[in-house]
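Listed below are the residues making up each chain.
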Amino acid sequence: MMASTESISLGPSLPGLLRMRQIRLWIAVILVITVVGALFLATTSKINNKARAYTLGQYRVKDTKVQNRPMYTGGGFNDFVGLNESDPHGPKLINVKHVSKSKKDGGKSADDDFLVFEAKVDILGNVMHYREASNGWVPKLNVMLFTGEHFTSSIWNDIGTMEDLAALGYRVVSLELPGHGLSHVDPEQQLRVAEYIKLFIQHLDLYRPGLVVLSCDISNSHVMEYFIRYSKNSPLLKGLIVIDSAADQYTNQDRILGTSIAAQTLFLCGGTDNDCQTSSNDWARNIPNSRVHSFSNAYREFYNEDPVVFNTILKRFLEYVAGKPSSA
């Protein structure tokens, strides 16, 4: 008869104990990382909430939010942007629209929610009419749009430019120059249009964190004069886009002075518009950081004929400018 044998357990072996200690140590490390990460996210959220406010002229935007996202609550647009109706020179709203490109978090506002509104502001007795689109965060850049002879500021909203750029984090303002659209000129004022542009930009605080200006057709000469005067000493004037440039819009002296324009500059022409291409290339030879792009099989107002391609080129240029370091 064979004797039975029993194995007697003396507890975990030394290698087993070491493995158990390593497991406990890793669990403790993971818990510490989780707690520190949660505290970091909470702190970052508070900082971001404070950083989200941007200025509308001298009016501070309030930090209305849902789950750390900007949202128009419907409780009054003045509460959202902090407009002061008692200020006779402050912006006066005409209408406002809340736009949501996508819905997340159970139907609450998403990061690409933004507001599009229409307003008027008094600049030295001149009523300046404009449209604006923004998501309420500190913008990547401010983008100022001017129109051609046959359009008002609504064109940039109609072809989707304002909404596309606002959804990407840009603050977009479309201004009608004095005497055009709903903007009215005080006949007693003798300022040049370039000066009105400067005053409007200052009033809406569009310089920070940087400004890109798009001009078109009849607005080209005024915007170019503004850049010739102020671009060299204003590093926050980061970009200039000129559409439908024509030889009769400028003088030879203007082109010579174009060497003072320090901003990144893009000229856009229709592929069959020889006058625009000639004028744009003349400018490009004088402006240091400039280039010319042509739209094939198009003449003028190509942005209205093919807005998808136009908006894509505009977004690529803005991404390039936003990534460039300041020259100052």
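These numbers come from a predicted model, not from an experiment. In this numbering scheme, every chain counts its residues from 1 along its sequence in written order. Local features in this predicted model are restricted to residues whose pLDDT is 70 or higher, and side-chain atom pairs enter the listing and the counts only when it is 80 or higher, whereas totals over whole chains, interfaces and linings include all residues. Computation of side-chain values: all heavy atoms of the structure, hydrogens and water removed.

Asks: How do you make sense of the overall build of the protein when you look at a structure like this?
Replies: Each helix is a run of H or I in the DSSP string that is no shorter than four residues. Each strand is a run of E no shorter than two, and both are numbered from the N terminus. Across its full length, the protein holds ten helices and 13 strands. Buried residues in the protein amount to 46% of all 328 residues. Surface exposure here means Shrake-Rupley accessible area, sampled with a 1.4 Å probe, where a residue is shielded only by the protein chains that are shown. Total accessible area on the protein is roughly 16800 Å²; 56% of this is exposed by carbon and sulfur atoms. Think of it in three bands: residues with accessible area under 20% of the maximum for their type are buried, residues over 50% are exposed, and the middle band is partly exposed, with areas taken using a 1.4 Å probe on protein chains only.

Asks: It is not clear to me how the environment of N289 should be interpreted in this structure. Could you clarify?
Replies: Within the secondary structure layout, N289 lies in the loop between α8 (274–284) and β13 (290–295). With a relative accessible area of 32%, N289 lands in the partly exposed category. Residues N289 and T265 lie 24 residues apart in sequence; the distance between their C-alpha atoms is 6.0 Å.

Asks: How do you make sense of the nonpolar core when you look at a structure like this?
Replies: The nonpolar side chains of a soluble globular protein tend to be buried with one another. In this description, a nonpolar core means a group of buried Ala, Val, Leu, Ile, Met, Phe, Trp, Tyr and Cys residues linked to one another through side-chain atoms lying within 4.5 Å. Core analysis: the biggest nonpolar cluster contains 37 residues, and Y130, M144, I197, F200, M224, Y226 and F227 have the highest contact counts within it. Those residues in contact with M144, other than ones at most four positions away along the chain, are V173, L175, I197, F200, I201, L206, L211, V212, V213 and L214. Counting 32 residues, the second largest nonpolar core, distinct from the first, contains V116, L145, M162 and V321. The contact criterion used throughout is that any non-hydrogen atoms of two residues lie within 4.5 Å.

Asks: Is there a simple way to think about the pattern of salt bridges in this case?
Replies: In a structure, side chains of opposite charge can pair up when their charged atoms sit close to one another. By salt bridge we mean one thing: a side-chain nitrogen of Lys or Arg within 4 Å of a carboxyl oxygen of Asp or Glu. Taken as a whole, this structure holds eight salt bridges when the rule is applied. With a closest N to O distance of 3.0 Å, E225 and R229 form a salt bridge. Taken as a pair, E225 and R229 lie in helix α6 (residues 220–230) at a separation of four residues, close to a single helical turn. A relative accessible area of 17% means that E225 is categorised as buried. Judged by its relative accessible area of 39%, R229 is partly exposed. Put simply, D282 and R285 hold a salt bridge, and the shortest N to O gap is 2.3 Å. The class for D282 is partly exposed, based on a relative accessible area of 23%. With relative accessibility at 63%, the residue R285 sits in the exposed group. Connected via shared salt-bridge partners are R192, E195, E225 and R229.

Asks: I tried to follow the state of the cysteines on my own but got confused; where do I start?
Replies: Two cysteines, two sulfur atoms, one covalent bond between them: this is a disulfide. Disulfides are defined as cysteine sulfur pairs within 2.5 Å. Inspection of the entire model under this criterion finds one disulfide. The partner cysteine of C269 in its disulfide is C276, sulfur to sulfur 2.2 Å. Since a negative S-S torsion denotes a left-handed disulfide, the C269-C276 link at about -75 degrees is left-handed. The two residues C269 and C276 agree in class, both being buried. Of all cysteine sulfurs in the structure, the one in C276 sits closest to C216, which takes part in no disulfide; the separation is 9.5 Å.

Asks: Explanation requested: the pairing of strand β10 (residues 211–216) in the structure shown.
Replies: When a strand is regular, its side chains alternate between the sheet's two faces. In terms of burial, β10 is a largely internal element, six of the six residues being buried. Covered by surrounding structure in β10 are L211, V213 and S215 together with V212, L214 and C216, the residues of both alternating faces. Across four bridges, strand β8 (residues 142–145) lies against β10 in parallel orientation. Within β10, the residue paired with M144 across the bridge is V213. Regarding the hand of the β-α-β motif, the stretch spanning β10, α6 and strand β11 (residues 237–243) is right-handed. When DSSP finds at least two bridges between two strands, those strands are taken to pair. Here is how to tell: hold the view so the strands point away, follow the path from the first strand over the helix to the second, and if it runs clockwise the crossover is right-handed.

Asks: Looking at this structure, how should I read the confidence of the model for the protein?
Replies: Each residue carries a pLDDT value, the predictor's own confidence for that position, ranging from 0 to 100. In the predicted model, the protein carries a mean pLDDT of 75, and 71% of its residues have values of at least 70. Confidence drops under pLDDT 50 across residues 1–10; counting only partners more than four residues distant or on other chains, this segment forms zero contacts. Residue range residues 103–110 is modelled with pLDDT below 50. Its contacts to residues more than four positions away, or to other chains, number 13 contacts.

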